Amino acid sequence: MTKGSLDSQTLLQQPRQAPPVRRALRILLGLVLMVYVAPVYFRVPVRVAAGSLLLMLGLIGVYSLIHIVVSRRIIAFGPCLGAAVAAGLLVTLYVAGASGLPILGHGKGQLAAATFLGISLVVAGLRAAPIFSPLDRLERKLRSKRRV
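Given the structure is predicted, the values throughout are model-derived calculations rather than measurements.

Reading guide: rules and limits
- Residues numbered from 1 in each chain as written.
- Predicted model: local features only at pLDDT ≥ 70, side-chain atom pairs only at ≥ 80, totals over all residues.
- Heavy atoms only, no water.
- Helix = DSSP H or I, 4+ residues; strand = E, 2+ residues; numbered from the N terminus.
- Buried < 20%, exposed > 50% of the residue type's maximum accessible area, 1.4 Å probe, protein only.
- Contact = heavy atoms within 4.5 Å.
- Areas by Shrake-Rupley, 256 points an atom, 1.4 Å probe, with all protein chains shown as cover.
- Phe/Tyr/Trp six-rings, centres within 6.5 Å; stacked < 30°, edge-to-face > 60°.
- Axes fitted to C-alpha atoms, helices over the stretch in contact; angles between N-to-C directions.
- Parallel < 35°, antiparallel > 145°, perpendicular 65-115°, else oblique.
- Left-handed = near helix turned anticlockwise from the far one by under 90°.
- Nonpolar A, V, L, I, M, F, W, Y, C, P; charged D, E, K, R; others polar.
- Expected span 1.5 Å × (residues − 1).
- pLDDT = per-residue confidence, 0-100.
- Patch = residues over 30% accessible without salt bridge, like charges linked within 9 Å, V, L, I, M, F, W, Y side chains within 5 Å.
- Salt bridge = Lys/Arg side-chain N within 4 Å of Asp/Glu carboxyl O.

## Structural notes on the overall build of the protein
Now for step 1: Scanning the protein from N- to C-terminus turns up six helices and zero strands.
Now for step 2: A total of 148 residues make up the protein; the buried ones form 28% of that total.
Now for step 3: Excluding contacts between residues fewer than 6 apart, the proportion of contacts in the protein whose partners are at least 24 apart in sequence is 70%.
Now for step 4: Of the roughly 10200 Å² of accessible surface on the protein, a fraction of 71% belongs to carbon and sulfur atoms.

Listed below in structure tokens is the structure:
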């Protein structure tokens, strides 16, 4: 391979990975959220903790299904619409957790959403997943201006 082909490969892969500052912030925010939420599991009744863990497993399944649908282009989502659907699902679960609903309510949904978000941010930071695309683009622009 020549140097020119390596540079073009780097440019093609670059938008798929989050810049270093955003990666570190994702990991830090995820860890802070997990440290904040972890003691709650020991203070709530076992029924609520188990329910929120089951909801979290359900979230993993739903997000995996969304990922499969989007990656196989069964339904064409743009990055903004995909982010809105993903965030909307977490917000809906969090809001429903404040209700008295049998499955989601009494804090189960809130606990599951916060735990899922914390773990997801750490995993996204470690994988360099660009889940905050507009912020990632801004950081790339600022970095490219500094190099020039």
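## Observations concerning the packing of aromatic side chains
Now for step 1: By the definition in use, this model includes one aromatic pair.
Now for step 2: Here the aromatic rings of Y63 and F116 are separated by 5.0 Å at their centres, their planes lie at 25 degrees, and the arrangement is stacked. Highlighted residues: Y63 in helix 3 (residues 46–71) and F116 in helix 5 (residues 108–127), separated in sequence by 53 residues. Of the two residues, Y63 and F116, neither departs from the other in class, the shared state being buried.

## Focus: the packing of helix 2 (residues 20–43) against helix 5
Now for step 1: Following both chains from N to C, one finds helix 2 and helix 5 inclined at 150 degrees, their axes separated by 7 Å at the closest point. By the angle between their directions, the pair helix 2 and helix 5 is classed as roughly antiparallel. In the packing of helix 2 onto helix 5, the handedness of the crossing is left-handed. For the pair helix 2 and helix 5, the contacting residues are R23, R26, I27, L29, G30, L31, L33, M34, V37, V40 and Y41 in the first and L111, A114, T115, L117, G118, I119, L121, V122, A124, G125 and L126 in the second.
Now for step 2: The residue inventory of the contact of helix 2 with helix 5, partitioned by class, reads 16 nonpolar, four polar and two charged.

## Thoughts on helix 5
Think of an α-helix as 3.6 residues a turn; residues three or four steps apart then line up on the same face.
Now for step 1: Here helix 5 contains 20 residues, and its C-alpha end-to-end distance of 28 Å stays within 8% of the 28 Å for a straight helix at 1.5 Å per residue.
Now for step 2: Positive backbone phi, approximately 60 degrees, marks A128, located one or two places after helix 5.

## With respect to the confidence of the model for the protein
Now for step 1: Put simply, the protein has an average pLDDT of 79, and 78% of its residues get 70 or more.
Now for step 2: Here helix 1 (residues 3–13) is the element of the protein with the lowest mean pLDDT, 43, and helix 2 is the one with the highest, 91.
Now for step 3: The model gives residues 1–14 a pLDDT under 50, and that stretch makes three contacts with residues more than four places away or in other chains.

## Focus: a nonpolar patch on the surface
Now for step 1: Nonpolar side chains collect at one region of the surface, where V21, L25, L28 and V32 lie side by side and expose about 340 Å² of accessible area between them.
Now for step 2: Note on placement: V32 falls in helix 2.
Now for step 3: Residue V32 is classed as partly exposed on the basis of its relative accessible area of 49%.

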